[in-house]
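# Close look at the chain arrangement
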Amino acid sequence: MPKKKAVAPLSTLCLGNVARHMQSVWVKDYSENYLDEYQFRYVMGPFNELAGCLVQDLLQLLGESRRLTRAALHLLLVPHLTALSLRCCPGLVSNAITQLITVRCQNLSSLDLNGCSRVPTAALVDLLEGLPRLTKLGLAETQANTQVLAAVGSGCRRLRELDLSHCRKVAPDSLLHLAYDQTESALCCPALRVLLAEGIEPKAHSQDLVRALAFVLLALPSLEFLANSHVREALCLLHTQQFSGTQGSPGFPSLEELARRRQGARLTLPLRRVEEVEEPFLATFCAVCPEVAEAAVSLSDGPGASWGSLAWSRLTQLTVHCTGHQGRGLAEMLPVAQGLGAQLRSLSLHGFCYDDAFSFCALLNCCPKLTAFSSHLSAPAGPVRPADGEPAAEPPDWELDLLRHPFPKLRHFSLGLASSCEALPWQHAAVLGASLASLLSHSPRLETLALLSLPFSLDGVFQKVLAAPGAALRSLRELSLAESQVSSPTLHCLLALDNELRSLDLAGCPAIHRRDYDQLLRTVSKDRLELDIAWQ
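Residues numbered from 1 in each chain as written. Predicted model: local features only at pLDDT ≥ 70, side-chain atom pairs only at ≥ 80, totals over all residues. Heavy atoms only, no water.

Along its length, the protein carries 17 helices and 20 strands. Considering the protein as a whole, with its 536 residues, one finds that 50% of them fall into the buried category. For the protein, the exposed area adds up to about 24,900 Å²; of that, 50% sits on carbon and sulfur atoms. (Helix = DSSP H or I, 4+ residues; strand = E, 2+ residues; numbered from the N terminus. Buried < 20%, exposed > 50% of the residue type's maximum accessible area, 1.4 Å probe, protein only. Areas by Shrake-Rupley, 256 points an atom, 1.4 Å probe, with all protein chains shown as cover.)

Turning next to the sheet that holds strand 9 (residues 194–196). Backbone-to-backbone hydrogen bonds join strands into a sheet, with any given pair of strands oriented parallel or antiparallel. Strand order in the open sheet formed by six strands is 3-4-5-6-9-10, and the pairing between neighbours is parallel. The open sheet has two edge strands, strand 3 (83–85) and strand 10 (225–227), and neither has a second partner. Averaged over neighbouring strand pairs, the angle between their axes works out to 5 degrees when direction is ignored. Two strands pair when backbone bridges link them, and strand 6 (residues 161–163) and strand 9 are joined in this way by three bridges, in the parallel orientation. Paired with Leu162 across the two strands is Leu195, which belongs to strand 9. (Pairing = 2+ DSSP bridges. Axes fitted to C-alpha atoms, helices over the stretch in contact; angles between N-to-C directions.)

Here we take up the environment of Pro221. Tracing the sequence through the fold places Pro221 in the loop between helix 8 (206–219) and strand 10. The exposure class of Pro221 is partly exposed, given its relative accessible area of 44%. When residues no more than four places from it in sequence are discounted, the contact partners of Pro221 are Cys189, Pro190, Arg262 and Pro270. (Contact = heavy atoms within 4.5 Å.)

Turning to helix 16 (residues 488–495), its buried residues are Ser488, Thr490, Leu491, Leu494 and Leu495. All buried residues of helix 16 lie within an arc of 155 degrees about the axis, which places them on one face of the element. Of the surrounding secondary structure, the elements contacted by the buried residues of helix 16 are helix 15 (459–467), strand 18 (478–480), strand 19 (503–505) and helix 17 (514–526). (Arc of directions from axis to C-beta.)

One side chain can pair with another of opposite charge once the charged atoms of both are near each other. Counted under the stated rule, the structure contains 13 salt bridges. Asp173 is paired through a salt bridge with Arg211; the nearest N and O atoms lie 2.9 Å apart. Of the two residues, Asp173 sits in the loop between strand 6 and helix 7 (174–179) while Arg211 sits in helix 8, which places them 38 residues apart along the sequence. What makes Arg211 buried here is its relative accessible area of 10%. Put simply, Arg411 and Glu447 hold a salt bridge, and the shortest N to O gap is 2.8 Å. Here the residue Arg411 occupies a position in the loop between strand 15 (372–378) and strand 16 (412–417), and Glu447 occupies one in the loop between helix 14 (426–441) and strand 17 (448–452), the gap between them amounting to 36 residues. Here the salt bridges do not stand alone but share partners, grouping Arg273, Glu275 and Glu294 into one network. (Salt bridge = Lys/Arg side-chain N within 4 Å of Asp/Glu carboxyl O.)

Let's shift gears to the packing of aromatic side chains. Applying the stated criterion across every chain, the model contains five aromatic pairs. Between the aromatic rings of Phe215 and Phe252, the centroid separation amounts to 6.0 Å while the plane-to-plane angle is 90 degrees, which identifies the pairing as edge-to-face. Pair noted here: Phe215 is in helix 8 and Phe252 is in the loop between helix 9 (231–240) and helix 10 (255–262), with a separation of 37 residues, a long-range link. The residues Phe215 and Phe252 share a single accessibility class, namely buried. (Phe/Tyr/Trp six-rings, centres within 6.5 Å; stacked < 30°, edge-to-face > 60°.)

Bridge count for strand 15 against strand 16 is six bridges, and the pairing is parallel. For His376, the partnering residue across the bridge sits in strand 16 and is Gly416.

For the rest of this paragraph, the subject is the sheet that holds strand 16. Read from one edge to the other, the open sheet built from ten strands follows the order 11-12-13-14-15-16-17-18-19-20, with strand pairing classed as parallel. Strands at the two margins of the open sheet, each flanked by one partner only, are strand 11 (273–278) and strand 20 (532–534). Put simply, the sheet's adjacent strands are angled 5 degrees from each other on average, direction ignored. Taken together, the five bridges between strand 13 (residues 317–322) and strand 14 (residues 346–353) define a ladder with parallel strand orientation. Within strand 14, the position partnered with Gln317 by the bridge is Ser346.

Chain-level statistics for the protein give a pLDDT mean of 86 and a share of 84% at 70 or above. Confidence drops under pLDDT 50 across residues 1–45; counting only partners more than four residues distant or on other chains, this segment forms 76 contacts. A low-confidence stretch, residues 391–399 (pLDDT under 50), is modelled with 14 contacts involving residues beyond four sequence positions or located in other chains. (pLDDT = per-residue confidence, 0-100.)

As a further point, take the packing of helix 4 (residues 95–104) against helix 5 (residues 121–129). Where helix 4 meets helix 5, the axes come as close as 9 Å, and the angle between the chain directions of the two elements is 10 degrees. Here helix 5 runs roughly parallel to helix 4, going by the angle between their axes. Between helix 4, through Asn95, Thr98, Ile101 and Thr102, and helix 5, the contact on the second element is made entirely by Ala123, Asp126 and Leu127. (Parallel < 35°, antiparallel > 145°, perpendicular 65-115°, else oblique.)

On to the side chain of Thr142. In this fold, Thr142 is placed in the loop between strand 5 (136–138) and helix 6 (146–155). Setting aside residues up to four positions removed in sequence, Thr142 forms contacts with Leu113, Gly115, Cys116, Ser117, Leu124 and Cys167.

What follows is the structure, given as structure tokens:
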């Protein structure tokens, strides 16, 4: 059945209509204390009548295409904007622009100045003091410093997200002014949930930053995520509560005092997301941050710790990455999956070795509520072909029941093997193929599928999926089979499905040649499919 052509979203149609009515006007700009005349050929109508989201889309479109001028930017700063991102044109953002934002855009709840390094510190202070309704603020790679953070802390009481990444003028002690108002002797930013502070490093002693991060963690009552490479040390400091060797800053409460304010039966934090959790520190993170819902854990080549310490009862998103050269066996994740799998919504496993043939399907059997799964594995050593008298690698039909339950919520699935893997041991290939056929047959909401560098034919897998009853692959929008073994007839069967497939990646597929690619393109054209195919 031919697929319906996609209808452009309303915002695209509106911008297209606006673009068709381009006109040249002369804009007089007095904001820099001198008179400049601009011939702005992309003024497209009365912006005051455009919805704020369309104004932002237009600004981004012009910025990314390098057609945005300072005069145009002046016109786009309309009073009804609630969200404004200027990261697409940092070179145009000056003191005068920030003054216009303060005067015209009083309704802003989100402002992104990422990379706007030409705005002086004093102008940033004036801007932020005039925008008390902000809930999201991006100051990454700007001239933000202690004075700017003090203005944020005292004036932006509703702020929920703040990005300070790579601000060179932000010192460790600057963070204290964000969380505590010395003038009022009171804590600040009660609603702040996300603080990105990557690239902020101590000028001399690393303990200065560790102490500052510990202060922030204790002082911000709603903080759910803090991004900085020294968060682990700060959490260890709070776990041990060995504050005697840490010298407080004048005018600020000590860590001991803040800990007493927070402490109940034991000191805990409301963090919901943690990253770069190394295996030896799992127990510390679990003890201090019991409410974690999203965690990224890294494993070395050393002996494995007890996963029993992973006691996050609210964990829904887990990423585990093996950082060592040898990697870990995938079967090592089974205790985690058995304990937490029923609550997981997203699971990513990278750098593991597919050692046990049944470890993959055993993991999936523990995680029935997944919406997203991603894994990149290395192949084990072993005989590639079956010995005499042993069954062939193609699995029999009964092996489709390797997975005990359907995956009704699964939307995104990605599985890849190391590109250096030329072949899998025959039993691994048979079990993995059967597991994939079962999963794809029972995932009716699957939207994106990536099967990368799999060294066995996927034809049998897709044949079983297409022959199975139900709505398999009917919701598929993106399919990547890069460097995997799949034939042209199988691909034509996939194109014949009544679904919303828009992207097909066949890069490096050894069985797909130029004639196959050309034939696929002819099918796309003949059936009027809205489909992009990548090859070679």
